[in-house]
Amino acid sequence: MEYFSSDFKLGILGGGQLGKMLLYETRKFDIYTKVLDASSEAPCRISCNEFVQGSLMDYDTVMTFGKNVDVLTIEIENVNIDALEQLEDDGIKVYPTPRALRIIQNKAKQKLFYIDNNIPTAPFSRFAYTSEIKESLANGGLSLPFVWKAAQFGYDGQGVKIIRNLSDLQGLPNVECIAENLVPFKNELAVIVARNVKGDEITYPVVEMEFHPEANQVEYVLCPARIDSTVAEKARNIAIGLAEKLGHVGLLAVEMFQTKEDEILVNEVAPRPHNSGHYSIEASYTNQFEQHLRAILDLPLGKTDSKLAGVMVNLVGEDSYQGPVHYENIDKILKLQGVTPHIYGKRETRPFRKMGHVTIVDQDITKAREVAQEVKKTIKVISKS
């Protein structure tokens, strides 16, 4: 099939910042794009060829949208899987596959898949409702502390909470969930696997993630991870094995724990470009968004090596600010060497909302991390009023 400067049409479910960055690459290749998103203010709206406003969870909306594209992909997991399965049956190429998405969309199903396929992961219990947890604690079936995770619709730190005492359960939604053992770990790591339709596969270097303790969001991503090469190889092999067992096509971001004993446990996965791969836009030979296109279009996969060390800093809304966004001191960080801001196009800020990111590149990861710290303390995402 001819993709470039042709009648080929790529459909993208979701119009957020990941879609926006994917569109940088479709425009580079002159690939025609059509995007569906519920918001009229979606970041993708100004850079795709066609923008359709509608719900990603509505069967008829997704069916109507998908019938008019040649390949359909996603930038968010919360989509109507029934519609994707029907579209696939009707001959539309859907990547990642609806089968993989159905497993990944629900964290309880994800965890059961790991157990069934001998993928190392932290022990857990599954509950139909959060309210069942207190009874399990009272009967000794569960013990404190643990990590509560909503089975569905969690994102950017939402739907996850460390439970250290009974009072921490207050205010949690009464939904299907898992209670996962709290893992004492050295590092939180991630590996991005690229796998095309033919089954060719490659990984990016292992990255190290540092999280904001309050918002439970990634604050920094460091590439390469500051870990032993044998641990990195173990992480990459586990990620590849997981992608193969899912039959995944596209990018698969695998988040992991490195335990104190240097074991690797899979935390969760994302079947798309991911926050842990944003550094690749400036630091890698082939960035993650171009790689996703190569994979879903069954093109040769690009080189994943880094040209330079890279650190990514998330730009999130400051606590207690809400309203029209203002990036305070952005001019000051632009004076720093190796710094590139990415602004996502969201006009309204609110506490901990992802508004952009900054990449810092350098020959030396230690120097890049130092500059990242300077960026973090300098730029503030606040409101104008």
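Q: Describe the overall build of the chain, and please don't skip the residues or the numbers.
A: From N to C terminus, the chain includes eleven helices and 21 strands. Its C-alpha atoms give the chain a radius of gyration of 21 Å, within 12% of the compact-globule value 21 Å for 385 residues. Each of the 385 residues in the chain was classed as buried or not, and the buried ones make up 55%. Taking the average place of the 43 positive charges on the side chains of the chain and the average place of its 52 negative ones, the gap between the two points comes to 3 Å.

Q: Could you give me a rundown of the packing of helix H1 (residues 17-29) against helix H9 (residues 288-296), with the residues and numbers involved?
A: Direction vectors running N to C along H1 and H9 enclose 70°, while the axes themselves pass 9 Å from each other. Between H1 and H9, the crossing angle belongs to the class labelled roughly perpendicular. The way H1 lies across H9 gives a crossing that is right-handed. Mapping the contact onto sequence places Leu18, Met21, Leu22, Glu25, Thr26, Lys28 and Phe29 in H1 and Phe289, Glu290, His292 and Leu293 in H9. A per-class count over the contact of H1 with H9 returns six nonpolar, two polar and three charged.

Q: With reference to specific residues and values, describe the packing of helix H2 (residues 59-66) against helix H3 (residues 81-89).
A: Helices that pack against each other are described as a pair by the angle of their axes relative to one another and the distance between those axes. Between H2 and H3, the least distance of the axes is 8 Å, while the angle of their chain directions is 30°. Relative to H3, H2 is oriented so that their crossing is right-handed. Side by side, H2 and H3 meet where Tyr59, Val62, Met63 and Gly66 of the first sit next to Asp82, Ala83, Leu84, Gln86 and Leu87 of the second.

Q: Account for the sheet that holds strand E17 (residues 323-328), naming residues and giving values.
A: Here three strands make up an open sheet; going across it, the order is E19-E17-E21 and the pairing antiparallel. If you trace the sheet from one side to the other, it starts and ends with strand E19 (348-349) and strand E21 (380-383), each paired once. For E17 and E21, the ladder comprises four bridges, and the chain directions are antiparallel. The residue of E21 that forms the bridge with Tyr327 is Val381.

Q: Tell me about the environment of Val231, and name the residues and values.
A: Within the secondary structure, Val231 is located in helix H7 (residues 229-246). Taking C-alpha positions, Val231 is 8.2 Å from Gln258, a pair spaced 27 residues apart along the chain. Not counting residues up to four positions away in its chain, the partners in contact with Val231 are Gln258, Asp262 and Ile264.

Q: A description of the nonpolar core should follow, citing residues and the corresponding values.
A: Within the largest apolar cluster, 25 residues are counted, with the highest numbers of intra-cluster contacts made by Val206, Leu242, Leu252, Val254, Met256, Val266 and Val269. For this core, the secondary-structure elements that each account for two or more residues are helix H4 (98-104), helix H5 (107-116), strand E10 (185-195), H7, strand E14 (250-259) and strand E15 (264-270). With residues near it in sequence (within four places) discarded, Val254 still touches Leu189, Ala190, Val191, Ala239, Leu242, Val266, Glu268 and Val269. Of all hydrophobic cores here, the second largest spans 21 residues; its members include Leu18, Val35, Val249 and Phe289.

What counts and what doesn't
- Residues numbered from 1 in each chain as written.
- Predicted model: local features only at pLDDT ≥ 70, side-chain atom pairs only at ≥ 80, totals over all residues.
- Heavy atoms only, no water.
- Helix = DSSP H or I, 4+ residues; strand = E, 2+ residues; numbered from the N terminus.
- Rg over C-alpha atoms; globule rule 2.2 N^0.38 Å.
- Buried < 20%, exposed > 50% of the residue type's maximum accessible area, 1.4 Å probe, protein only.
- Lys, Arg positive; Asp, Glu negative; His and termini not counted.
- Charge placed at Lys NZ, Arg CZ, Asp CG, Glu CD.
- Axes fitted to C-alpha atoms, helices over the stretch in contact; angles between N-to-C directions.
- Parallel < 35°, antiparallel > 145°, perpendicular 65-115°, else oblique.
- Left-handed = near helix turned anticlockwise from the far one by under 90°.
- Contact = heavy atoms within 4.5 Å.
- Nonpolar A, V, L, I, M, F, W, Y, C, P; charged D, E, K, R; others polar.
- Pairing = 2+ DSSP bridges.
- Core = buried A, V, L, I, M, F, W, Y, C linked by side-chain atoms within 4.5 Å.

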